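Summary of structural features
Here is how the chains run, residue by residue.
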Amino acid sequence: MSFLSNIFARRQQSSSVAKDRLQILLAHERGAGEAGESDLIRQLHKEIMEVIARHVAVDQDKVQIKVDRGSGCSMLEIDVEVPQELNGKRGS
Amino acid sequence: MAKVLVVTSGKGGVGKTTSTAALGAALAQSGQNVVVVDFDVGLRNLDLVMGAERRVVFDLINVVQGDARLSQALIRDKRCETLSILPASQTRDKDALTSEGVARVMDELREKFDWVICDSPAGIERGAQLAMYHADMAVIVTNPEVSSVRDSDRIIGLLDSKTKKAEQGEKVDKHLLLTRYDPARAARKEMLSVEDVLEILSIPLLGIVPESEDVLKSSNVGAPVTLAAPTSLPARAYFEAARRLSGEKLEVSVPVEKRGFFDWLFKRDA
């Protein structure tokens, strides 16, 4: 049974993997298509990085910025991975 | 007031020509005057899918360049008299289409028909942009597959920026037609679901056309699926999509075959 459920589990993921990959890719491409939006994202990315860099050393690649455009509203999502040791320092 | 509709996708092979023929025929079968226009210069296929390939004398480029009158190039469908086709040229290259010439032909078609349905070539180049330029509405044909969804997103961007409507500060009315959909595979999460694609592209859903052998059978014999197999699942999906295009509010459902044959037989006309 376990190998069957393994296959099942793997299968379950393929469409959600597809969806996640598309969402990340399109967030970038949509920016590239329209000059206005692309400048906005680049500017946001730069300034947000500057602010964060004043306090923490964060890897550029560990920051994800994306805009989801919806019919009613759009969502700006900023995802920053903060190094582990820093969490401790902040707490003390 | 005539409506110009472009059937487009970016990616090739997703079902633009099949959908143009089926939607065009479905609208014409409801009594409206419809012309389907093939913009795929050099790779024309709409005439073949519609069974008019041996009746082509003049084509879109002849009309655009003034070598033939529109009425000489239009081919009236033999099965449905409110349906006409304006074929593309098979030989000349697509630079022969000028923007001014296309604009003139589109104006003339708007006067003659209720619906002008433009079958776009694949890609995002000049040919595809000419096909969409005059559109009031767009049907974006998408397969539940990553490359098709990505290309559709590109095309949506172009519809919002490179059309006459966009230049005038208006919006092309965009609709998603999901084709080659396999509900069983989507349920097993092996295929992007309707909801996934809608969430990513965020445009309204016009219809879900299931993967079906009836589509190939119809193109084999040169007939739109709505004429060749009007009770098949894809044809029913196209008929409903055509009604939505005409402004009817119909709920979109995932097309599945009804359980019993007799259920289906008695329910189909209900």
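Report follows, based on the coordinates.

Thresholds applied
Residues numbered from 1 in each chain as written. Chains lettered and ligands numbered in written order. Predicted model: local features only at pLDDT ≥ 70, side-chain atom pairs only at ≥ 80, totals over all residues. Heavy atoms only, no water. Axes fitted to C-alpha atoms, helices over the stretch in contact; angles between N-to-C directions. Helix = DSSP H or I, 4+ residues; strand = E, 2+ residues; numbered from the N terminus. Left-handed = near helix turned anticlockwise from the far one by under 90°. Contact = heavy atoms within 4.5 Å. Nonpolar A, V, L, I, M, F, W, Y, C, P; charged D, E, K, R; others polar. Buried < 20%, exposed > 50% of the residue type's maximum accessible area, 1.4 Å probe, protein only. Buried area = accessible area lost by both parts, 1.4 Å probe. Salt bridge = Lys/Arg side-chain N within 4 Å of Asp/Glu carboxyl O. Polar contact = N/O pair within 3.5 Å; in protein donor to acceptor, adjacent residues only side chain to side chain. Pairing = 2+ DSSP bridges.

Focus: the packing of helix 7 (residues 146-159) of chain B against helix 10 (residues 194-201) of chain B
Residue and element names in this part refer to chain B. Between helix 7 and helix 10, whose axes approach to 10 Å, the crossing angle comes to 35°. For the crossing formed where helix 7 meets helix 10, the hand is right-handed. For the pair helix 7 and helix 10, contact is made by V149, S152, D153 and I156 and by V197, I200 and L201, respectively. Partitioned by chemical class, the residues of the contact of helix 7 with helix 10 number 5 nonpolar, 1 polar and 1 charged.

With respect to the side chain of S193 of chain B
Residue and element names in this part refer to chain B. Tracing the backbone shows S193 in the loop between helix 9 (183-187) and helix 10. When its relative accessible area of 13% is taken as the criterion, S193 is described as buried. Setting aside anything within four residues of it in sequence, one finds S193 in contact with Y181 and A186.

Quick look at the interface of chain A and chain B
Chain A puts 14 residues into the contact, and the matching count from chain B is 15 residues. Where chain A abuts chain B, roughly 1500 Å² becomes buried across the two surfaces, and 53% of that area is made up of carbon and sulfur atoms. Where chain A packs against chain B, one counts 2 salt bridges. There are 3 residue pairs in polar contact (both at pLDDT 80 or more) connecting chain A and chain B.

A word on the pattern of salt bridges
Side chains that carry opposite charge are capable of pairing whenever their charged atoms lie near each other. Residue and element names in this part refer to chain B. In total, this model carries 13 salt bridges over all chains according to the counting rule given. The closest approach of N and O atoms between D47 and R44, which form a salt bridge, is 2.8 Å. With respect to class, D47 is no different from R44; both count as buried. We note a salt bridge from D136 to R110, for which the minimum N-O separation is 3.2 Å.

A look at the pairing of strand 5 (residues 115-119) of chain B
All names here are of chain B. The element strand 5 is largely enclosed, with a buried count of 5 among its 5 residues. Side chains W115, I117 and D119 of strand 5 all project onto a buried face; the interleaved residues V116 and C118 project onto the opposite face, where all are buried too. Judged from the 5 bridges that link them, strand 1 (residues 3-8) and strand 5 form a sheet pairing that is parallel. Paired with V7 across the two strands is D119, which belongs to strand 5.

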